[in-house]
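# Structural features, examined
Now for the letters of each chain:
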Amino acid sequence: MNKNKQEYIVAVAGQPNSGKSTVFNMLTGARQFVANYPGVTVEKRIGIYSYQGQKIKLVDLPGTYSLTSYSLEERVARNFLINENPDLVLNIADASNLERHLVLTVQLLEMGMPLVVALNMMDISKGRGFEIDEESLAKELGVPVVPTIAQKGRGKEELRQAILKGCLGKDKYKNSLVVDYGQKIEQILDELTQNIANDNRYSNYNPRWLAIKLLAGDTEVRSMFHQ
Ligand SMILES: Nc1nc2c(ncn2[C@@H]2O[C@H](COP(=O)(O)OP(=O)(O)OP(=O)(O)O)[C@@H](O)[C@H]2O)c(=O)[nH]1
Ligand SMILES: [Mg+2]
């Protein structure tokens with residue numbers, strides 16, 4: 001448990017156009033400022049709010065379709081998650097385009113991030129005739145799923161509640177989803193994961209995630225092993 005820290009840091013992650021900024025504004029209101037990520041000109045929007053006496057600091061990550069290291073935005077988002085070790089990640093997913101948006105959700109879970117999912121654009125999703133079983137989705141993912149219509153301020157209270165709960169007991173939301181890559185690959189992954197877990201140079205990282213990225217040929221991760 002992680003009770004009564006001075007402030008909790010929540011990273012807001014989502015694919016472009018998922019409504020990240022709108023959710024961010026809904027949660028934080030006017031208390032916002034802008035900085036840059038170290039060494040790059042990517043804008044870093046920070047917002048602060050208090051909920052039930054607890055200070056929560058939101059950091060808006062650049063919108064990315066995934067968390068490989070192909071683009072600057074992806075590297076910035078990924079490095080923030082690894083190096084700053086936020087208390088929670090708030091993942092904004094577009095409910096009207098859910099399958100595509102869950103790609104990022106699964107990647108965040110694979111990284112071992114404690115997660116709350118905001119299922120945004122519920123109005124558009126319903127308008128298109130989609131029916132999403134939020135409970136089953138939350139069960140499958142192993143993390144809370146909160147429906148929102150950020151543009152209309154809907155879901156604000158529920159989301160703030162889920163965020164606070166997640167910050168206070170984040171371990172419950174972690175590592176609940178493991179993608180099975182099939183026997184052959186799993187065998188290699190197991191061995192790599194164990195070696196990485198036993199090497200304290202990589203203690204900042206989720207060992208299985210690093211093993212997956214290494215196997216996938218991720219250039220940034222590969223370069224870590226060539227030093
Ligand atoms: N109908 C509807 N529109 C929404 C909702 N949330 C956000 N929008 C709209 O969707 C558009 C994109 O929202 P943004 O908040 O800018 O999305 P973003 O993820 O920050 O986008 P980028 O920063 O460009 O990646 C805006 O026009 C919002 O007003 C919602 O729940 N329902
Ligand atoms: Mg935005």
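Residues numbered from 1 in each chain as written. Chains lettered and ligands numbered in written order. Predicted model: local features only at pLDDT ≥ 70, side-chain atom pairs only at ≥ 80, totals over all residues. Heavy atoms only, no water.

### Comments concerning the site of ligand 1
- Near ligand 1 lie 15 residues; those nearest to it are Asn-17, Lys-20, Ser-21, Thr-22 and Asp-123.
- One of the backbone nitrogen or oxygen atoms of Asn-17 is found 3.0 Å away from an oxygen atom of ligand 1.
- Contact distances for ligand 1 include 3.1 Å between an oxygen atom and a backbone N or O atom of Ala-150.
- The protein chains hide 69% of the 660 Å² of surface that ligand 1 would expose on its own.
- Among the elements of the structure, helix 1 (20-28) and helix 4 (122-127) are those that each provide at least two residues to the shell around ligand 1.
- The element best represented in the shell around ligand 1 is helix 1, accounting for three residues.
- The class makeup of the residues in the shell around ligand 1 is five nonpolar, eight polar and two charged. (Near = heavy atom within 4 Å. Polar contact = N/O pair within 3.5 Å; in protein donor to acceptor, adjacent residues only side chain to side chain. Areas by Shrake-Rupley, 256 points an atom, 1.4 Å probe, with all protein chains shown as cover. Helix = DSSP H or I, 4+ residues; strand = E, 2+ residues; numbered from the N terminus. Nonpolar A, V, L, I, M, F, W, Y, C, P; charged D, E, K, R; others polar.)

### Some thoughts on the domain arrangement of the protein chain
- The domain architecture assigned to the protein chain consists of domain 1 (7-173) and domain 2 (183-224).
- With centres defined by C-alpha atoms, the gap from domain 1 to domain 2 works out at 26 Å.
- When domain 1 packs against domain 2, close to 910 Å² is buried across both sides, 46% of that on carbon and sulfur atoms.
- Three residues, Arg-78, Ile-82 and Glu-110, lead the burial of domain 1 against domain 2; their summed loss comes to 50% of the area buried on that side.
- For the pair domain 1 and domain 2, the interface holds three salt bridges.
- For Glu-220, the salt bridge is made with Arg-78, and the minimal N-O distance between the two is 3.8 Å.
- For the pair domain 1 and domain 2, the interface holds one residue pair in polar contact (both at pLDDT 80 or more). (Domains from an automatic or database assignment. Buried area = accessible area lost by both parts, 1.4 Å probe. Salt bridge = Lys/Arg side-chain N within 4 Å of Asp/Glu carboxyl O.)

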